[in-house]
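Topology and contacts: notes
Listed below, chain by chain, are the residues.
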Amino acid sequence: MVGAGIGGLTLGLLLRKHGVEARIYEQASELREVGAAVALAANGTRVLRRLGLGDQLKESSVEPTDVVYRRWASGELIASFPMGPTYNTRYGAEFFGIHRVNLQRILADSWGRDGLHLNSRLQDLEEREDGIRLHFAERAPVVADVVVGADGVRSAVRNWVTGGGPAPTYSGASGFRGLAQVSTLSEMPDPMTIQFWLGPGAYVIHYPISESTINFLAVLPGPTPWPFSTWMTEEPSGTALAAFEGWHPVVREMVASVEQSPRWALFSLPPLQRWTRGHTVLLGDAAHAMLPHQGQGANQAIEDAAVLAALLADTDRSELGDALRRYEMLRRPRTRQLQRSSWDNSEILRLPDGPDAESRDRKLSTLPDQLDWIHGYDIDDLVAPGRSLPFSPSPEHRTSQTRRGSASSLSVLS
Ligand SMILES: Cc1cc2nc3c(=O)[nH]c(=O)nc-3n(C[C@H](O)[C@H](O)[C@H](O)COP(=O)(O)OP(=O)(O)OC[C@H]3O[C@@H](n4cnc5c(N)ncnc54)[C@H](O)[C@@H]3O)c2cc1C
């Protein structure tokens, strides 16, 4: 496996649980997550629970009490729905807001040191009679039966699988992120909720990751085209606050309460024509990096890992290629749908005030139903032990997922 991010570590743990030997090669010299926090939805947490990590996740995170939508300037309530026990009953697993460092620690501690090779930056792959040879910048090559590229949005494995390209596409929006201390937010209503502030051209979402800390992402238009060679650029102090001139005092107080963060360009990977080449396959952001407007990038990497691990565990060495193609067929439609709805939400959450925004706000009254196809998804319906593994989703599986709600945008959590 190449990459020890959320997807790679989850896959490693699941493979080990199934008794499949796995090694992880990671370019970094130590495991550390970039960015502030991540929201784990039921479709991800139920996989991590089955790995036995549920209690640790619960201890290191917060379950938001409600999800709330407000107007950008007045703060007027648009819609609100209970989370916590209501969400858990509906989906059979929790929604957690968690600091990335905590999630990384839980996954990495569970994996341990055995089979984890740091300082191992993959440069190239080579198909040989005895397996696939991995060439690294800093260490001698190794040979594997199967290679999984869990190496993120700028994946070297993807370049090899697809023969180069496609390049990630800039969405025309960027974001500022921050961790705000609840004690400094004198006017914040309900800091333990997931709260969206919807404005013209921009939106802000925040959710708690501990009793004292909330994570926010402030999304705003441009700059278009993205003028920098990197996806993150430093901005002078006060840039974010100036961008939210005229917004509700709660939003401004929160943005002002943290040091100016870098500006993150929001990129999405166009759907790939192939995820596999021989016995090499892609997983997570390497296969389907998506915009953050559905809060599903990490959750989809976890779903990928669960499907791939179940298929590999159930496969003879002579049929590995078939198993990888099954995985691709099972995962491509769903992740493509999520890429598309995340892209749509980038517009929907930032509509100008007027009839379209009013229509969106009315649609929000059915939000829980719109979330079902994402959060209600259980990969065990597809690959539970003892079930025959379909080459493509069985009619039964399609029906059960459809009953849980059909795909649409606006099932937004970031
Ligand atoms: C602003 C923002 C907010 C987000 N919020 C959420 C959210 O709330 N919920 C959610 O589900 N998702 C969210 N995401 C998306 C989520 O962070 C990613 O989808 C997820 O981290 C992808 O995991 P991964 O394991 O595929 O890749 P990564 O986490 O990127 O891991 C890839 C690993 O591979 C290593 N690597 C890279 N190249 C090489 C190489 N050549 N050789 C060896 N190792 C290599 C890297 O060092 C890294 O450790 C958000 C993203 C953004 C930008």
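Scroll up to find the structure this text is about.
Anyway, here's the lowdown on the structure attached to this text. (Residues numbered from 1 in each chain as written. Predicted model: local features only at pLDDT ≥ 70, side-chain atom pairs only at ≥ 80, totals over all residues. Heavy atoms only, no water.)

1. Here's the deal with the overall build of the protein chain
- Helix and strand content of the protein chain: 15 helices and 19 strands.
- Its C-alpha atoms give the protein chain a radius of gyration of 21 Å, near enough to 22 Å, the size a compact globule of 414 residues would have.
- Each of the three principal axes of the protein chain carries a C-alpha extent, and together these read 65 × 45 × 40 Å.
- Within the protein chain, the proportion of its 414 residues that are buried is 55%.
- Within the protein chain, contacts between residues separated by at least 24 positions form 75% of all contacts whose residues are at least 6 apart in sequence.
- When the accessible area of the protein chain is evaluated, it comes to approximately 16900 Å², of which 49% is carbon and sulfur surface.
- Side chains of the protein chain give 41 positive and 48 negative charges; the mean places of these two sets differ by 4 Å. (Helix = DSSP H or I, 4+ residues; strand = E, 2+ residues; numbered from the N terminus. Rg over C-alpha atoms; globule rule 2.2 N^0.38 Å. Buried < 20%, exposed > 50% of the residue type's maximum accessible area, 1.4 Å probe, protein only. Contact = heavy atoms within 4.5 Å. Areas by Shrake-Rupley, 256 points an atom, 1.4 Å probe, with all protein chains shown as cover. Lys, Arg positive; Asp, Glu negative; His and termini not counted. Charge placed at Lys NZ, Arg CZ, Asp CG, Glu CD.)

2. A word on the site of the ligand
- Surveying the vicinity of the ligand reveals 31 residues, the closest of which are Gly 7, Glu 26, Arg 100, Asp 285 and Ala 298.
- Between Glu 26 and the ligand, the recorded distance is 2.6 Å, taken from a side-chain N or O atom to an oxygen atom.
- One of the backbone N or O atoms of Gly 297 is found 3.4 Å from a nitrogen atom in the ligand.
- Those elements giving two or more residues to the shell around the ligand turn out to be α1 (6-17), β2 (37-40) and α10 (297-313).
- No other element matches the 3 residues that α10 contributes to the shell around the ligand.
- Of the residues belonging to the shell around the ligand, the class tally is 12 nonpolar, 12 polar and 7 charged. (Near = heavy atom within 4 Å. Polar contact = N/O pair within 3.5 Å; in protein donor to acceptor, adjacent residues only side chain to side chain. Nonpolar A, V, L, I, M, F, W, Y, C, P; charged D, E, K, R; others polar.)

3. Observations regarding the pattern of salt bridges
- For the structure on display, the rule yields 19 salt bridges.
- Close ionic contact of Glu 21 with Arg 23 constitutes a salt bridge, the shortest N to O distance being 3.9 Å.
- Classification of Glu 21 by relative accessible area gives exposed; the value is 70%.
- Linking Arg 331 and Asp 304 is a salt bridge whose minimum nitrogen-to-oxygen distance equals 2.6 Å. (Salt bridge = Lys/Arg side-chain N within 4 Å of Asp/Glu carboxyl O.)

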